[in-house]
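Spelled out, the chains give:
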Amino acid sequence: MRGLPLYLLLGIYFGVVLSKSEVISWFRIQEMFRFGSFHMYGVIGTAVATAMLSLWLLRRFQARALDGETIAVPAKAMTPTGGVRYWAGGTVFGLGWGLIGACPGPMFALIGQGLSVMVVGLFAAIVGTWVYGWLRPHLPH
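Reference entry: report on the structure contained in this document.

## Remarks on the pattern of salt bridges
Then step 1. Per the stated rule, a full pass over the model turns up two salt bridges.
Then step 2. A salt bridge links Glu22 to Arg28, with the nearest nitrogen and oxygen atoms 2.9 Å apart.
Then step 3. Given a relative accessible area of 38%, Glu22 falls into the partly exposed group.
Then step 4. The salt bridge involving Arg28 is made with Glu31; its shortest N-O contact spans 3.1 Å.

## As for the nonpolar core
Proteins that are soluble and globular tend to have nonpolar side chains buried together.
Then step 1. Counting 13 residues, the largest nonpolar core has Ile24 and Met40 as its most contacted members.
Then step 2. When contributions to this core are tallied by element, the ones reaching two or more residues are helix H2 (26–33), helix H5 (104–112) and helix H6 (118–135).
Then step 3. It is H5 that contributes the most residues to this core, three residues altogether.

## Regarding the side chain of Gln30
Then step 1. Turning to its location among the elements, Gln30 is positioned in helix H2.
Then step 2. Dropping the residues within four chain positions of it, Gln30 is found in contact with Gly98 and Gly101.

## Here's the deal with the packing of aromatic side chains
Then step 1. What the rule picks out here adds up to four aromatic pairs.
Then step 2. Between Phe93 and Trp97, the aromatic rings sit 6.2 Å apart at their centres with planes inclined by 45°, giving tilted as the arrangement. Separated by four residues within a single helix, Phe93 and Trp97 lie in helix H4 (residues 80–100), roughly one turn from each other.
Then step 3. With relative accessibility at 16%, the residue Trp97 sits in the buried group.
Then step 4. Relative to Trp134, the ring of Trp130 lies with its centre 6.2 Å away and its plane at 5°, an arrangement referred to as stacked. Pair noted here: Trp130 and Trp134 are both in helix H6, with a separation of four residues, about one helical turn.

## Notes on the environment of Leu4
Then step 1. Tracing the backbone shows Leu4 in helix H1 (residues 4–20).
Then step 2. Here Leu4 falls in the partly exposed class, since its relative accessible area comes to 46%.
Then step 3. Through-space distance from the C-alpha of Leu4 to that of Glu69 is 17 Å; in sequence the pair is 65 residues apart.

## So, the packing of H2 against helix H3 (residues 39–60)
Then step 1. Where H2 contacts H3, the two axes come as close as 8 Å, and the packing angle between them is 90°. Comparing the axis directions of H2 and H3 gives the class roughly perpendicular. Across the interface between the two elements, Arg28, Ile29 and Met32 of H2 pack against His39, Met40, Tyr41 and Ile44 of H3.
Then step 2. Of the residues contributing to the contact of H2 with H3, the split by class is five nonpolar, one polar and one charged.

## With respect to the packing of H5 against H6
Then step 1. Viewed as axis vectors pointing N to C, H5 and H6 meet at an angle of 155°, and their least axial separation amounts to 9 Å. The angle between the axes of H5 and H6 places the two elements in the roughly antiparallel class. As for the relative orientation of H5 and H6, their crossing is left-handed in sense. The residues of H6 that touch H5, namely those facing Met107, Phe108, Leu110 and Ile111, are Met118, Val119, Gly121, Leu122 and Ala125.
Then step 2. Residue composition of the contact of H5 with H6, by class: eight nonpolar, one polar and no charged.

About the thresholds
Residues numbered from 1 in each chain as written. Predicted model: local features only at pLDDT ≥ 70, side-chain atom pairs only at ≥ 80, totals over all residues. Heavy atoms only, no water. Salt bridge = Lys/Arg side-chain N within 4 Å of Asp/Glu carboxyl O. Buried < 20%, exposed > 50% of the residue type's maximum accessible area, 1.4 Å probe, protein only. Core = buried A, V, L, I, M, F, W, Y, C linked by side-chain atoms within 4.5 Å. Helix = DSSP H or I, 4+ residues; strand = E, 2+ residues; numbered from the N terminus. Contact = heavy atoms within 4.5 Å. Phe/Tyr/Trp six-rings, centres within 6.5 Å; stacked < 30°, edge-to-face > 60°. Axes fitted to C-alpha atoms, helices over the stretch in contact; angles between N-to-C directions. Parallel < 35°, antiparallel > 145°, perpendicular 65-115°, else oblique. Nonpolar A, V, L, I, M, F, W, Y, C, P; charged D, E, K, R; others polar. Left-handed = near helix turned anticlockwise from the far one by under 90°.

Structure follows, in structure tokens:
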């Protein structure tokens, strides 16, 4: 609980960064899907490189969470059904992203910017998550 205010402030800061860098802009996202600009590919590539470096540093220095527990990121098994699962999930995610023009996380920042139509997208994401939870026992994992 003691870390929650810090996480809230970091989340607000991250929302401001997403807004100012235009990565939550519907126009920038459409531009990316139409291969009209390098902007989003540069941001995504930088994020992937940052994540790789961050994970390496977490493992290298055996970083600990606020409660003292060692941070561990388990490896994902790429079984034949697992590969299909990731491809199918990525496809559904990408289609939703392309159709609505926003990924789930930045939807909150877009709503905060006053784009009330994103409430519909947020509602759809919540319903989709609920449907997945309902169907999960019947899906191959």
